[in-house]
Amino acid sequence: METNTFIRTSRAAKTEVDVGVPTLASPDISMIIHAMTLVMAHQIEEDSQKPAESDTNFDFSVFVEKKPKNVQNNGLNEYLKHDSEQGFNPQEITLFLKKLYRSANIGSECIILSFVYLNRFLTMTSCPLLPCNWKKLLVSATLIAQKVWNDVHLDNAGFSAVMGTYDVQELNELEEEFIHRIQFKVIVKMKVYIKFYFELSKLFPCRYETKIPRVREQTLEEIERRSYNFMNTMMKSHTIIL
């Protein structure tokens, strides 16, 4: 079972964030995006207030959206100072997740998988989630998740084309760094997926409480099987970029 999860639903539920009203065609997707926005916004707020002593044990600048000119090194303090000056709007997370859903054919299972991988990365690296790095971390996690789950997934060139945000070389670097940092641990067991799904469901809007869909056992088995297959494929081909 995943440990040290950064999901803190009790506190995230109290976070006052205007993420807008879920309006996507599928309530399932809308609710998950709503919940993920709340949790990520809460974590960004919390990590942004951490002292410099909590600096991560590796250079996470590869995941920084745009390295500010006034940041001379990769110390956490300088990034925090820059972020506090720039400000952060949590609705950016909602809009970005919607773009992923619409442009890259990302379904609810894939979004939850990306959340599992994001959590795994933050836990294993002690990397803070900040306004300057959340987007590239989420892209990296989603890039891997859609390769694990989708029958016909986008390769990095296709992902770059539909998102129009990062070029292929940049996606290659992000994916390679991300997957090395989680030590190739892409397997998601059924009980782990269930845990993350129901933790997120605690943050679904109250008006959707009666609409929370049950996760089919067949889906859970398929997620575990495909994640095993993906890892085996990587190991046999000795490559990360698929």
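Within each chain, residues carry numbers counting from 1 in the order of the written sequence. Under the rules for a predicted model, residues below a pLDDT of 70 receive no local features and side-chain atom pairs below 80 are neither given nor counted, while totals for whole chains, interfaces and linings still include all residues. Only hydrogens and water are set aside; all other atoms, that is, all heavy atoms of the structure, feed into the side-chain values.

J.: How do you make sense of the nonpolar core when you look at a structure like this?
T.: In a soluble, globular protein the nonpolar side chains are often hidden away together inside. To qualify as a nonpolar core, a set must consist of buried Ala, Val, Leu, Ile, Met, Phe, Trp, Tyr and Cys residues joined through side-chain atoms within 4.5 Å. Burial classes follow relative accessibility: with a 1.4 Å probe on protein chains only, a residue under 20% of its type's maximum area counts as buried, one over 50% as exposed, and anything between as partly exposed. Ranked by internal contacts, the top residues of the largest apolar core, which has 66 residues, are Met36, Met40, Leu113, Tyr117, Phe178 and Val186. If sequence neighbours within four positions are ignored, tyrosine 117 has contacts with Ala141, Ile144, Ala145, Val148, Phe178, Ile182, Lys185, Val186, Val188 and Ser227. Contact between two residues is taken to exist if any of their heavy atoms lie within 4.5 Å; hydrogens are not considered.

J.: In this structure, what is going on with the packing of aromatic side chains? I would like to understand it.
T.: Two numbers describe a pair of aromatic rings. These are the distance of the centres and the angle of the planes. In summary, the pairing rule links any two rings of Phe, Tyr or Trp, Trp by its six-membered ring, whose centres are within 6.5 Å, and it sorts them by plane angle into stacked for under 30 degrees, edge-to-face for over 60 and tilted for everything else. Taken as a whole and judged by the stated rule, the model has five aromatic pairs. Between phenylalanine 121 and phenylalanine 178, the aromatic rings sit 4.8 Å apart at their centres with planes inclined by 10°, giving stacked as the arrangement. Remark: phenylalanine 178 occurs in helix H8 (residues 168–181) and phenylalanine 121 occurs in helix H5 (residues 108–125); sequence separation between them is 57 residues. Given the relative accessible area of 0%, phenylalanine 121 is considered buried. Secondary structure counts use DSSP, requiring at least four H or I residues in a row for a helix and at least two E residues in a row for a strand, with both numbered from the N terminus.

J.: Looking at this model, I keep getting lost on the environment of lysine 195. Mind explaining?
T.: Relative to the elements of secondary structure, lysine 195 occurs in helix H9 (residues 190–201). You can call lysine 195 partly exposed: its relative accessible area is 22%. Residues lysine 195 and valine 116, spaced 79 residues apart in sequence, show a C-alpha to C-alpha distance of 9.7 Å.

J.: Hey, could you run me through the environment of valine 148 in this one?
T.: Looking at the secondary structure, you find valine 148 in helix H6 (residues 134–149). Look at valine 148 and you get buried, because its relative accessible area is 4%. Between the alpha carbons of valine 148 and serine 227 there is a distance of 5.6 Å; along the sequence they are 79 residues apart. Once residues lying within four places of it in the same chain are set aside, the contact partners of valine 148 are Leu113, Tyr117, Arg226, Ser227 and Phe230.

J.: When you look at H6 in this model, what are you seeing that I'm missing?
T.: An α-helical segment advances 3.6 residues per turn. Residues three or four places apart therefore align on the same side. Any helix carries an expected span of 1.5 Å times its number of residues minus one. Taking 1.5 Å of rise per residue, the 16 residues of H6 would be expected to cover 22 Å, and the 22 Å separating its terminal C-alpha atoms lies within 8% of that figure. Along H6, 15 of the 16 residues are buried, which leaves the element largely enclosed by surrounding structure.

J.: Sorry if this is basic, but what is going on with the pattern of salt bridges here?
T.: It is possible for side chains of opposite charge to pair when their charged atoms get near one another. A carboxyl oxygen of Asp or Glu within 4 Å of a side-chain nitrogen of Lys or Arg is what we treat as a salt bridge. Tallying each qualifying case throughout the model produces six salt bridges. With a closest N to O distance of 2.9 Å, glutamate 177 and arginine 181 form a salt bridge. Taken together, the residues glutamate 177 and arginine 181, both in helix H8 and four residues apart, mark about one turn of the helix. The partly exposed category is assigned to glutamate 177, whose relative accessible area is 23%. For glutamate 199, the salt bridge is made with lysine 202, and the minimal N-O distance between the two is 3.2 Å. A network of salt bridges, in which partner residues are shared, links Glu222, Arg225 and Arg226.

J.: In this structure, what is going on with unusual backbone geometry? I would like to understand it.
T.: Where the residue is not glycine, phi is negative for most of them; where a peptide bond is considered, it is trans in most cases. Look at serine 126: it is not a glycine, yet its phi comes out positive at around 60°. Within the secondary structure, serine 126 is located in the loop between H5 and H6. Here the phi dihedral of phenylalanine 184 falls at roughly 65°; this positive angle occurs in a residue that is not glycine. Along the chain, phenylalanine 184 turns up in the loop between H8 and H9.

J.: Where do I start with the packing of helix H7 (residues 156–163) against H8 in this structure?
T.: Only the stretch in contact is used when a helix axis is fitted, and all axes are lines through C-alpha atoms; the angle between N-to-C directions ranges over 0 to 180 degrees. Two elements in contact, H7 and H8, have axes whose closest approach is 9 Å; the angle formed by their N-to-C orientations is 120°. As summarised for this structure, H7 and H8 are arranged oblique, according to the angle between their axes. Seen along the crossing, H7 lies across H8 with a hand that is right-handed. Contacts between H7 and H8 involve Asn156, Ala157, Phe159 and Ser160 from the first element and Val168, Leu171, Asn172 and Glu175 from the second. For this scheme, ten residues count as nonpolar: Ala, Val, Leu, Ile, Met, Phe, Trp, Tyr, Cys and Pro. Four count as charged, namely Asp, Glu, Lys and Arg, and the remainder, Gly too, count as polar. Counted by class, the contact of H7 with H8 contains four nonpolar, three polar and one charged residues. In this scheme, roughly parallel covers angles under 35 degrees and roughly antiparallel covers those over 145, while 65 to 115 is roughly perpendicular and the rest are oblique. Each crossing is labelled by how the near helix is turned from the far one, with a counterclockwise turn of less than a right angle marking it left-handed and a clockwise turn marking it right-handed.

Take it as geometry only, folks, not as evidence of what the structure does.
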